[in-house]
Amino acid sequence: LDLLLTRLSSSVAVDILPGAGDPSNVFMPQQPFHNCLLPSANTYSSFRPTTNPYESRIFEDPLAKDEGVTIIGTSGQNVEDIQRCCEVEDPLDVMESLLQWRHLAPTAPDTLPCFPVKDEDPFIISLCPHIFFAGNQKAFGTRRIDGDKGQKSLLVAIPSFSRTRTAVEVDVRTLTATPIFFGTEAFHQD
């Protein structure tokens, strides 16, 4: 993994967040991977271990008063926990509800472990993101939705890479997502 991330980081920016079963704390928000876990990748400034949940703004230009593109995502534990608590099967339905509720982890701390907080809930969604993703889903899926103030959001269910060998590429200008398949199965035709 370190070698793969090192090669990627040598040419593109890489943000990586921990998920269930990774060498990070179990409680949400999960802390970034420690530098000693991926020592070669950490030599690149383009490699950024991040928290789970994750939030970033790209293409932000304060001089032009351009807010850029807001990205919010998780490794999927919050979506899976909600599916365990109700009968919603489609992760995109869960994700759309999370945006409507403006909360990333409504089941925490009851069924989703989280750190206790005193003053501010770290799971509140204050701004409607342009891109909202959840990792470790069963299959790839996308949905475009409109916010209550006319915002456009792209929901992306990212499949578990270890099970599907699928990554997802998102065009932030058009808000479209495309699955990228790795492995020899993609080259075999029936």
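Read on for an overview of the structure. (Residues numbered from 1 in each chain as written. Predicted model: local features only at pLDDT ≥ 70, side-chain atom pairs only at ≥ 80, totals over all residues. Heavy atoms only, no water.)

Another aspect to go through is the packing of helix H2 (residues 77-85) against helix H3 (residues 91-101). Between H2 and H3, whose axes approach to 10 Å, the crossing angle comes to 105°. Classified by the interaxial angle, the pair formed by H2 and H3 is roughly perpendicular. Taken together, the residues of H3 that come into contact with H2 (itself represented by Asn78, Val79, Ile82 and Gln83) are Pro91, Val94, Met95, Leu98 and Trp101. For the contact of H2 with H3, the residue count by class is 7 nonpolar, 2 polar and no charged. (Axes fitted to C-alpha atoms, helices over the stretch in contact; angles between N-to-C directions. Helix = DSSP H or I, 4+ residues; strand = E, 2+ residues; numbered from the N terminus. Parallel < 35°, antiparallel > 145°, perpendicular 65-115°, else oblique. Contact = heavy atoms within 4.5 Å. Nonpolar A, V, L, I, M, F, W, Y, C, P; charged D, E, K, R; others polar.)

Time to look at the side chain of Ser153. Considering the arrangement of structural elements, one finds Ser153 in strand E7 (residues 152-159). Exposure remark for Ser153: the relative accessible area of 2% places this residue in the buried category. Here the side chain of Ser153 touches Pro129 through a polar contact of 2.4 Å, landing on its backbone oxygen. Residue contacts for Ser153: discarding those within four places in its chain leaves Leu99, Cys128, Pro129, His130, Arg143, Arg144 and Ile145. (Buried < 20%, exposed > 50% of the residue type's maximum accessible area, 1.4 Å probe, protein only. Polar contact = N/O pair within 3.5 Å; in protein donor to acceptor, adjacent residues only side chain to side chain.)

Okay, the pairing of strand E9 (residues 176-181) next. In this sheet, E9 lies alongside strand E8 (residues 166-171) in antiparallel orientation, the contact comprising 6 bridges. The residue of E9 that forms the bridge with Glu169 is Thr178. Turn length for the E8-E9 hairpin, with the two strands adjacent in sequence and antiparallel, is 4 residues, and the turn residue Leu175 shows positive phi of about 55°. (Pairing = 2+ DSSP bridges.)

Bringing the packing of aromatic side chains into the picture now. Summed over all chains, the structure comprises 3 aromatic pairs. Judged by centre distance (6.2 Å) and plane angle (45°), the ring pair of Tyr54 and Phe133 falls under tilted. Residue Tyr54 is located in strand E3 (residues 54-58), and its partner Phe133 is located in strand E5 (residues 131-137); the two are separated by 79 residues in the primary sequence. With respect to class, Tyr54 is no different from Phe133; both count as buried. Ring geometry for Phe161 against Phe182: centres 5.7 Å apart, planes inclined by 70°, an arrangement best described as edge-to-face. Of this pair, Phe161 sits in helix H4 (residues 161-164) while Phe182 sits in the segment after E9; the two residues are 21 residues apart in sequence, bridging distant segments of the chain. The ring centre of Phe59 lies 5.0 Å from the NZ or CZ of Arg173, which sits over that ring. (Phe/Tyr/Trp six-rings, centres within 6.5 Å; stacked < 30°, edge-to-face > 60°. Lys NZ or Arg CZ within 6 Å of the ring centre and 35° of its normal.)

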